[in-house]
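Close look at the chain arrangement
One-letter residues, chain by chain:
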Amino acid sequence: MAHVNQEKWSSGTAFLLAAIGSAVGLGNIYRFPYVVGENGGGAFVILYLGIVLFFGIPLVMTELTIGRRRQLPPFTAFTELSEGKKSQPFWKFIGFTTILTPLGILGFYFVIAGWTLNYVVSLITGQLSDLQEGQTQAVFAEMMDSPGTLIFWMTLSVAITAFIISRGIKAGLEKAVNILMPMLFLILVLLVIYSFFNGGIKETFEFMFTPDFEKINMRTVLEATGQAFFSLSLGSATMLVYGSYLPKNESIPKLACGVAFADTFVALIAGFAIFPIIFTNGLELDSGPNLVFVTLPVIFDQMPFGQVFGILFFLLLAFAAITSTISLFEPAVSNLEERGIFTRRKASLVVGLGLWCLAALSALSMNVLSDVRLLTFNDTVAGKNIMDILEYMSANGMMLFNSLFAGIFLGWVLNRKEALEELGLGDSILFKFWRGIIKFVVPIVVGYLIIDFLGYGFI
Ligand code: TRP
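What comes next is a walk through the structure.

What counts as what
- Residues numbered from 1 in each chain as written.
- Predicted model: local features only at pLDDT ≥ 70, side-chain atom pairs only at ≥ 80, totals over all residues.
- Heavy atoms only, no water.
- Helix = DSSP H or I, 4+ residues; strand = E, 2+ residues; numbered from the N terminus.
- Expected span 1.5 Å × (residues − 1).
- Bend = angle between axes of the 7 residues up to and from the residue.
- Near = heavy atom within 4 Å.
- Polar contact = N/O pair within 3.5 Å; in protein donor to acceptor, adjacent residues only side chain to side chain.
- Areas by Shrake-Rupley, 256 points an atom, 1.4 Å probe, with all protein chains shown as cover.
- Nonpolar A, V, L, I, M, F, W, Y, C, P; charged D, E, K, R; others polar.
- Phe/Tyr/Trp six-rings, centres within 6.5 Å; stacked < 30°, edge-to-face > 60°.
- Buried < 20%, exposed > 50% of the residue type's maximum accessible area, 1.4 Å probe, protein only.
- Lys NZ or Arg CZ within 6 Å of the ring centre and 35° of its normal.
- Axes fitted to C-alpha atoms, helices over the stretch in contact; angles between N-to-C directions.
- Parallel < 35°, antiparallel > 145°, perpendicular 65-115°, else oblique.
- Contact = heavy atoms within 4.5 Å.

Moving on, we get to helix 5 (residues 88-124). Between its terminal C-alpha atoms helix 5 stretches 54 Å, which fits the 54 Å expected from 37 residues at 1.5 Å a residue. Along helix 5, the helix axis deviates most sharply at Gly107, where the bend reaches about 35 degrees. In the stretch just after helix 5, Gly126 is the one whose phi turns positive, near 80 degrees.

Here you go:
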């Protein structure tokens, strides 16, 4: 099959910005803080850091390697790299599931991205000012109950993403991250400075770094792994595709470490922007998903310059979300373009329309379709609505599944020489260590997590 030649990143830095943009998202700023809160702080943070170091970085390297080896998007990459092997049909299937996973993620991610856009505007127009205690809950509930509002803002996030993607790698993705990432970083710094002067830093340090290992069990390990993989954009076609646009002379290990470091740093910093103001206001940290959309607005309303702080905070979330949605949207478009099925622009339109329908279902599952229950035969998902099922299946199950097979592919199918050449580490201890982790440790650990995910765990 003839390949359509695709654009490449103009430099390693362009890749780095885009990959960090992908990694840093709602997962870092919205989800990480509340998951840390729910899991009691320090021990979870340390577990998380260990997982990023031992599994996260090696897996980012793995996915970039598979992507860059032939500079082809996943479906074709897996097909060509397993040429002549009996297992080739299976690897084609894996290529396919890696592309499907980010689409499933976008099915709910676009809706939450829409909430952040809505909050930016609500804060600017003062709809979230002068509220009594408890009223932010009502504002949030009102948004959830309104199909029109949810769909309007979701549509906007789909449209922005599809527009950026349709313009291509250099004029679309690179340009967007060149503008959004510096702004994101600047806002983050401003927020931390603001938090710093409002007290609560000491409590935050204690909370984030004093481990209470009694809080760790198999659930927490599963949760921390899921969080780390999601945050690093693993277990899907994102890193494979971003790697396929990477020029051959760039060092994969260095870039992988850069992405993981920046991603983890932002997650921790997000904690330092949010927790201090929670502590100084004497609030609890265990409010789960409500932390950002219900608890924080109450505080913004009462703090000096709270409105400005609030606008900046939700802008930060919105920018982080958009640089992530483009990385989730790109793989499907990349594959359709490379295989010559559609031009990039047509592909962006088609994928965008399809995703809009899926995200609309998610949005409606919080109001008109809130009683619809799918997959009732499975105890774990029986009580979940459509949006929660999408999240659970794509961001937990499918991501682990794809990570497992990316590891097995690199360790057991791709020949050693190819990996050696691609990594540029020589036949060193580091190379052997990395390959050992991918070949033996990842299949066992991630394999077990999948068994546990399916409800057959025994630890
Ligand atoms: N990492 C992003 C976040 O933390 C989300 C994301 C972007 C993602 N691309 C991905 C998650 C690919 C899984 C797979 O919000």
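Turning to the site of the ligand, a few remarks are in order. Close contacts around the ligand come from 18 residues, with Ala23, Gly27, Tyr109, Phe230 and Ser327 the closest. Leu26 is positioned with one of its backbone polar atoms (N or O) 3.1 Å from an oxygen atom of the ligand. Ser233 places a side-chain nitrogen or oxygen 3.2 Å from a nitrogen atom of the ligand. In the complex, 100% of the free accessible area of the ligand, which totals 360 Å², lies under the protein chains. Elements that contribute at least two residues to the shell around the ligand include exactly helix 1 (12-23), helix 2 (26-38), helix 5, helix 10 (218-231) and helix 14 (306-338). Grouping the constituent residues of the shell around the ligand by class yields eight nonpolar, 10 polar and no charged.

This model, assessed by the stated rule, comprises 38 aromatic pairs. A centroid spacing of 5.3 Å and a plane angle of 65 degrees characterise the contact between Tyr30 and Phe293, whose relative ring orientation is edge-to-face. Here Phe293 lies in helix 13 (residues 290-302) and Tyr30 lies in helix 2, a separation of 263 residues in the sequence. Taking 5.0 Å as the distance between ring centres and 65 degrees as the angle between the ring planes, the aromatic pair formed by Phe401 and Phe405 counts as edge-to-face. With Phe401 and Phe405 both in helix 16 (residues 386-413) and four residues apart, this pair spans about one turn of that helix. On the basis of relative accessibility, which here comes to 24%, the residue Phe401 falls in the partly exposed class. Put simply, the rings of Tyr30, Tyr34, Trp115, Tyr119, Phe140, Tyr194, Phe293, Phe300, Phe309, Phe313 and Phe314 pair up and form one aromatic cluster. It is Lys384 that lies over the ring of Tyr392; its NZ or CZ is 4.9 Å from the centre.

Here helix 3 (residues 42-69) crosses helix 18 (residues 429-453) at 110 degrees, and the two axes come no closer than 10 Å. With respect to their mutual orientation, helix 3 and helix 18 come out roughly perpendicular. Two secondary-structure elements touch here, helix 3 through Phe54, Phe55, Pro58, Leu59, Met61, Thr62 and Thr65 and helix 18 through Phe433, Trp434, Ile437, Ile438, Val441, Val442 and Val445. The residue makeup of the contact of helix 3 with helix 18, split by class, is 12 nonpolar, two polar and no charged.

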